[in-house]
Each structure stands twice: as structure tokens, then as C-alpha cells.
Amino acid sequence: MKWIAAFFLTCLAPIVAAQQPAQPDFDHSAKVAFFGITYLDESLQTQTYGPDPAEFARIEMLEDMVRDWFSEAGLTFVDLTPAEEDINRVVNLAKCYGCDSRIAVKLGAQYSLVGEVQKVSNLILSMNLQLRDAATGNMVRGRVVDIRANNDEAWARGMRYILKNAFFN
């Protein structure tokens, strides 16, 4: 058994590591249009008992966390007010066929930043964050994680994982 592990570490691990695509770098001095995090709740719990105010507070917590990490890295957020009419026409800017990028360009931002938390059940949630080049609409960085608890700690841990491993590693 030891020889299999040794073989993998010496021969195959470098090949596997070399095949991991490098993430494109992004300009940490750029302007970002952060459109927030959309909350999609498809759970039976909400259908039965109604919305949970704690989950809306968690969305705000995640948005603050994202703003803090990006600000600390040197990125600047543009004011979204001039595009309020365009923004309010869209239910989910994370899935609007590039409208987020087009709005970001109008606002003078180099990047569009959108997020989403989808609650499938009280135990299964999925969150994602995507940074797109505003001029092209291409994703520069992004990550999706699933979490298996519906509390502040789990939500924060999921977003920290995304930020640490996909954006600021």
C-alpha cells in the first residue's frame, strides 16, 4: 500500500497539479459594480411556515463580508444609483444573460460582481459569487459551494471559503 502512495506522490501528483488551470489575475485597483447577493428560496419550510427574517439578515452579512474583502484588497465599488431603473427591472442579476456586465460598463466599472444563495431545504443551501469582466461579460473568478446547515456560522464559512479560495488566494 505504501508503494502506491509513494508512486502517486512522486509520479502522478505533479501531472495532476500541472493540469489545474491557472485563474486569470484581476486588477485589484479596479472599479467594481457589486449588485449584491440574490436569495432564492425554494424550500418546503418557507412554503409552509413563511420566510425566515434571519436568512435575510444573513444575506446582508454576506454582502458586508464581500464588500470588506474586496475593499481590503484595494478594489473600489461604484455607486449603483444611476442605474437603479435598469437594476430594478431584473429579478436576479446573477442570471440575466449579461445585463450585469452591460450595467457595470454604463457605471464605469471594470468588473461586475454578483452572488446568489439558493435554499433547497433547511439543510441544503448553495451559494456562489462571480466576478465578470464588464467589457466582455466573461467570468474572471467565481466559485459555487454547498453548505449543509442553515445558520450564521455555516453561511459565513461558505462565503469565506469562496473569497479565500477563488478570489484572494
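Residues numbered from 1 in each chain as written. Predicted model: local features only at pLDDT ≥ 70, side-chain atom pairs only at ≥ 80, totals over all residues. Heavy atoms only, no water.

A. Geometry of the sheet that holds strand S3 (residues 111-119). The 5 strands are arranged S2-S1-S3-S4-S5 in an open sheet whose pairing can be described as mixed. Looking at which strands have only one partner, the edges of the open sheet turn out to be strand S2 (76-77) and strand S5 (139-147). Where strand S1 (residues 31-41) lies against S2, 2 bridges are found, and the strand directions are parallel. Across the sheet, the residue bridging to Lys 31 is Thr 76, located in S2. Across the sheet, helix H5 (residues 99-106) lies against S1, S3 and strand S4 (125-133), angled at about 145° from S3, the strand it touches most. (Pairing = 2+ DSSP bridges. Helix = DSSP H or I, 4+ residues; strand = E, 2+ residues; numbered from the N terminus. Contact = heavy atoms within 4.5 Å. Axes fitted to C-alpha atoms, helices over the stretch in contact; angles between N-to-C directions.)

B. Representation of the confidence of the model for the chain within the structure. Taken over all residues, the pLDDT of the chain has a mean of 87, while the share at 70 or more is 86%. When the criterion is pLDDT under 50, residues 3-20 qualifies, and its contacts beyond four places in sequence or with other chains add up to 3 contacts. (pLDDT = per-residue confidence, 0-100.)

C. Local environment of the pairing of S5. Looking at chain direction, S4 and S5 are connected through 8 bridges and run antiparallel. Looking across to S5, one finds that Asn 128 is bridged to Val 144. Between S4 and S5, which follow one another and run antiparallel, lie 5 residues, and Gly 137 among them has a positive phi close to 80°.

D. Local environment of the layout of surface pockets. Here the largest pocket defines a volume of roughly 160 Å³. Considering the residues around the largest pocket, the lining is formed by Phe 34, Phe 35, Gly 36, Ile 37, Thr 38, Glu 63, Arg 67, Leu 80, Val 90, Val 91, Asn 92 and Leu 93. Those elements giving two or more residues to the lining of the largest pocket turn out to be S1 and helix H3 (53-72). Per element, the largest residue contribution to the lining of the largest pocket is 5 residues, and it comes from S1. Classifying every residue of the lining of the largest pocket gives 7 nonpolar, 3 polar and 2 charged. (1 Å grid on protein atoms, 1.4 Å probe; cavity = no way out; pocket = protein on both sides within 12 Å on 5 of 7 lines; lining within 4 Å. Points joined across faces, edges and corners; volume = space filled by probe spheres on them. Nonpolar A, V, L, I, M, F, W, Y, C, P; charged D, E, K, R; others polar.)

E. Inspection of the state of the cysteines at higher detail. Considering all chains together, one arrives at 1 disulfide under this definition. Two residues share a disulfide in this structure: Cys 96 and Cys 99, whose sulfurs sit 2.0 Å from each other. Judged by the sign of its S-S torsion, about -105°, the cystine formed by Cys 96 and Cys 99 is left-handed. Relative accessible area serves as the criterion here: at 12%, Cys 96 is assigned to the buried category. (Disulfide = S-S within 2.5 Å. Buried < 20%, exposed > 50% of the residue type's maximum accessible area, 1.4 Å probe, protein only.)

F. The arrangement of the pairing of S1 in detail. The buried fraction of S1 is high, at 8 of 11 residues. In terms of strand pairing, S1 meets S3 through 8 bridges, oriented parallel. The residue of S3 that forms the bridge with Asp 41 is Lys 119.

G. Expanded view of a nonpolar patch on the surface. A cluster of nonpolar side chains, Val 120, Leu 123 and Ile 124, forms an exposed patch at the surface whose accessible area comes to about 240 Å². Considering the arrangement of structural elements, one finds Val 120 in the loop between S3 and S4. The exposure class of Val 120 is partly exposed, given its relative accessible area of 40%. (Patch = residues over 30% accessible without salt bridge, like charges linked within 9 Å, V, L, I, M, F, W, Y side chains within 5 Å. Areas by Shrake-Rupley, 256 points an atom, 1.4 Å probe, with all protein chains shown as cover. Salt bridge = Lys/Arg side-chain N within 4 Å of Asp/Glu carboxyl O.)

H. Structural context of the pattern of salt bridges. All chains considered together, the criterion is met by 9 salt bridges. The partner of Arg 89 in a salt bridge is Glu 85, and the shortest N-O contact between them spans 3.4 Å. Assigned by exposure class, Arg 89 and Glu 85 land together as exposed. Measuring nitrogen to oxygen at the nearest pair gives 3.4 Å for the salt bridge that ties Asp 86 to Lys 106. Linking Asp 86 in helix H4 (residues 84-88) with Lys 106 in helix H5, this pair joins segments that are 20 residues apart in sequence.

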